[in-house]
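A look at the structure
One-letter residues, chain by chain:
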Amino acid sequence: MTDLPLFEQGRHLLSVAQFDRPTLARFFGLADAVGPIAQRQAVCTVLDGAMLGSLFFEPSTRTRLSFESAFLRLGGEVTTTTGFTFSSMAKGESIADTARVVSGYSDVLVVRHPDEGSVAQFAAASTVPVVNAGDGAGEHPSQALLDVYTMEKELGARGKTVDGCHIAILGDLKYGRTVHSLIKLLSLYEHLTVTLFSPPSLELPAAVAGYAVERGHRVAEADTVVDAVRGADVVYATRVQRERMTEELAQANARGDLLNRAMLREAGNEEVVIMHPLPRDSRSDSFDLSTDVDALPGLAIFKQTDNGLNVRMAIFLTALGVSTEAVRLTTKQRPWKATLRD
Ligand code: ASP
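Attention in this report is confined to the structure presented alongside it. The numbers attached to residues start from 1 for each chain and follow its sequence in the written order. A pLDDT threshold of at least 70 governs which residues receive local features in this predicted model, and a stricter bar of 80 or more applies before side-chain atom pairs are shown or counted, although totals over entire chains, interfaces and linings include all residues. By convention in this description, side-chain values take in all heavy atoms of the structure and omit both hydrogens and water.

It is worth spelling out the overall build of the chain at this point. Numbering of helices and strands starts at the N terminus; helices are DSSP runs of H or I of at least 4 residues and strands are runs of E of at least 2. Along its length, the chain carries 13 helices and 11 strands. Values of the radius of gyration come from C-alpha atoms, whereas the globule rule sets the reference at 2.2 Å times the count of residues to the power 0.38. Taking 342 residues into account, the globule formula puts the C-alpha radius of gyration at 20 Å, and the chain, at 20 Å, falls close to it. Across its three principal axes, the chain shows a C-alpha extent of roughly 55 × 50 × 40 Å. The burial tally for the chain puts 56% of its 342 residues in the buried class. In this scheme, a residue with accessible area under 20% of its type's maximum is buried, one over 50% is exposed, and one in between is partly exposed, where area comes from a 1.4 Å probe on protein chains only.

Below is the structure:
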């Protein structure tokens, strides 16, 4: 299926192509099992003594904080560096040297970098497992895992399955790496219908569409957002990746909403599951998901962010070869009140 090894103990996680359907099901089972720890109902120390090296050379809120929170909630420790300015890359150090050095300080590395393929270069020089937290317009595997995990839950709650469902994917499909990983991972399922809507110049790369088509899925481009979302079970909207394009192209894609409530009403689909990798660009004319959908019953964007913790814990447990039995033996009920709902 892929020339990359499946994602398991001692291995890097660089691409969603490292999963097949059985390994994905096992992985989601692990993400379920750590739910009480993710939700802070229980305290776990299974990673006591382990160190995460968190290296983010591009902006991030959710991905960095949730990877770091996941590691801390499993009882590990975190060292972090953000941006080029405060790392020796600003002094011309190569990816290979940086990777070799920081892997000497850590048990696992999470790396985000603006260049496609750069995290694989990191992994090649690292002595510990490396997790790709986004390599330019390339891939964002942990995001796709939490997206599909959320789809399984949301569709399951509606008596549906990911197999056979209709997913509308909207926005910047060219530079949006989450979409590239998502479509590849969804391709492990059966008989999907994927309808795409993107503005001119921001179309899905043919290789990504071809990946799904070769695996038997129906992929069609729609002329309007309303056409794309009509009859869909899930709609996945993405931000225009302004930082990856010319100012001229960014300007050409600064107009109104990508998706709002009126469009869903026109499509007769206000019940659809609404997803977005976030951040949502809430500036005016950002051409992104409108906040006027937030009261709709299918809004799942914050379920995605919450589920990100379970999924990232499962990534660390897999990479570091920790059994569910070891997790169970090192987990206890917490003595404090953690949320407003307690
Ligand atoms: N947070 C996601 C990413 O890093 C999506 C985005 O930035 O639009 O790719």
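Two aromatic rings, drawn from Phe, Tyr or Trp (for Trp, its six-membered ring), form a pair once their centres lie within 6.5 Å of each other, and the interplanar angle then sorts them: stacked below 30 degrees, edge-to-face above 60, tilted otherwise. Following the criterion strictly, the structure yields 7 aromatic pairs and no others. Here Phe28 and Tyr149 contribute two aromatic rings whose centre-to-centre distance is 5.2 Å and whose plane-to-plane angle is 55°, an arrangement assigned as tilted. Note that Phe28 is positioned in helix α1 (residues 21-33) and Tyr149 in helix α6 (residues 141-157), a separation of 121 residues in sequence. Residue classification places Phe28 among the buried positions, given a relative accessible area of 5%. Feature note: the residues Phe7, Phe19, Phe27, Phe28 and Tyr149 constitute an aromatic cluster, connected by ring pairs. For a lysine, the NZ atom is tested; for an arginine, the CZ atom; a charge sits over a ring if that atom is within 6 Å of the ring centre and within 35 degrees of the ring normal. Positioned above the aromatic ring of Tyr211 is the side chain of Lys184, whose terminal nitrogen or guanidinium carbon lies 5.9 Å from the ring centre. Of note, Arg255 hangs over the ring of Phe287, and the distance from its end group to the ring centre comes to 4.4 Å.

This part is about the site of the ligand. Here a residue is near a molecule or strand as soon as one of its heavy atoms is found within 4 Å of it. Residues in close proximity to the ligand include Arg112, His140, Arg177, Thr178, Arg239, Gln241, Leu278 and Pro279, which together make up its full environment. Whenever a nitrogen or oxygen atom comes within 3.5 Å of another N or O atom, the pair is scored as a polar contact, on the condition that within protein one atom can donate a hydrogen and the other can accept it, and that pairs from neighbouring residues in sequence are kept only if both atoms are in side chains. Within the side chain of Arg177, an N or O atom sits 2.8 Å from an oxygen atom of the ligand. The separation between an oxygen atom of the ligand and a polar side-chain atom of Arg239 is 2.8 Å. Looking at side-chain class alone, the shell around the ligand contains 2 nonpolar, 3 polar and 3 charged residues. Lys, Arg, Asp and Glu make up the charged group, whereas Ala, Val, Leu, Ile, Met, Phe, Trp, Tyr, Cys and Pro make up the nonpolar group; the residues left over, Gly among them, are polar.

The nonpolar side chains of a soluble globular protein tend to be buried with one another. Put simply, a nonpolar core is a bunch of buried Ala, Val, Leu, Ile, Met, Phe, Trp, Tyr and Cys residues held in one set by side-chain atoms that sit within 4.5 Å of each other. Residues Leu145, Ile169 and Phe316 are the most contacted members of the largest nonpolar core, which totals 68 residues. With 8 residues, helix α12 (residues 301-319) is the largest single contributor of residues to this core. Contact partners of Leu145, with chain neighbours within four places excluded, come to Leu13, Phe19, Leu24, Phe27, Phe28, Leu185, Val311 and Ile315. Of all hydrophobic cores here, the second largest spans 32 residues; its members include Ala168, Leu170, Phe197 and Ala237. By the convention used here, residues are in contact when the closest approach between their heavy atoms is within 4.5 Å.

Strands pair in a sheet through their backbones, by hydrogen bonds, and they do so in one of two ways: parallel or antiparallel. Here a strand pair is declared whenever DSSP counts at least two bridges between the two strands. As summarised here, the arrangement of the 5 strands in space is β8-β7-β6-β9-β10, forming an open sheet in which the pairing is parallel. Each having just a single partner strand, β8 (218-221) and β10 (273-275) make up the two edges of the open sheet. Direction aside, the axes of adjacent strands within the sheet are offset by 20° on average. Axis lines are fitted through C-alpha atoms, for helices just across the contact stretch, and the angle between N-to-C directions can take any value from 0 to 180 degrees.

As a further point, take helix α4 (residues 95-103). Buried residues of α4: Ile95, Thr98, Ala99, Val102 and Ser103, and no others. Considered in projection along α4, the buried side chains sweep an arc of 115° and stay on one side of the axis. Of the surrounding secondary structure, the elements contacted by the buried residues of α4 are β2 (51-56), β4 (108-113) and α5 (118-125). Within this analysis, the arc is defined by the directions that extend from the helix axis to the C-beta atoms.

Note that Lys332 resides in strand β11 (residues 331-333). What makes Lys332 exposed here is its relative accessible area of 55%. Separated by 291 residues in sequence, Lys332 and Gln41 place their C-alpha atoms 8.9 Å apart. Setting aside chain neighbours within four positions, we find Lys332 in contact with Ala42 and Val43.

Right, let's get into the packing of α6 against helix α7 (residues 177-186). Two numbers describe how α6 lies on α7: the axes approach to 8 Å, and their chain directions differ by 55°. The angle between α6 and α7 places the two elements in the oblique class. Crossing handedness for the pair α6 and α7: right-handed. Contact with α6, carried on its side by Pro141, Gln143, Ala144, Leu145, Asp147, Val148 and Met151, involves Thr178, Ser181, Leu182, Leu185 and Leu186 of α7 and no other residues of that element. Each residue belonging to the contact of α6 with α7 can be placed in one class, and the counts come to 8 nonpolar, 3 polar and 1 charged. Any angle that falls under 35 degrees is termed roughly parallel, while one over 145 is termed roughly antiparallel, one within 65 to 115 roughly perpendicular, and all others oblique. A crossing counts as left-handed when the near helix is turned anticlockwise from the far one by less than a right angle, and as right-handed when that turn is clockwise.

Strands sit in the order β3-β2-β4-β5 across an open sheet of 4 strands; the sheet is parallel. What marks the edges here is a single partner per strand, and that holds for β3 (77-82) and β5 (130-135). Neighbour-to-neighbour, the strand axes of this sheet turn through a mean angle of 10°, independent of strand direction. Relative to β3, β2 is paired through 6 bridges, and the arrangement is parallel. Along β3, the bridge assignment pairs Met51 with Glu77.

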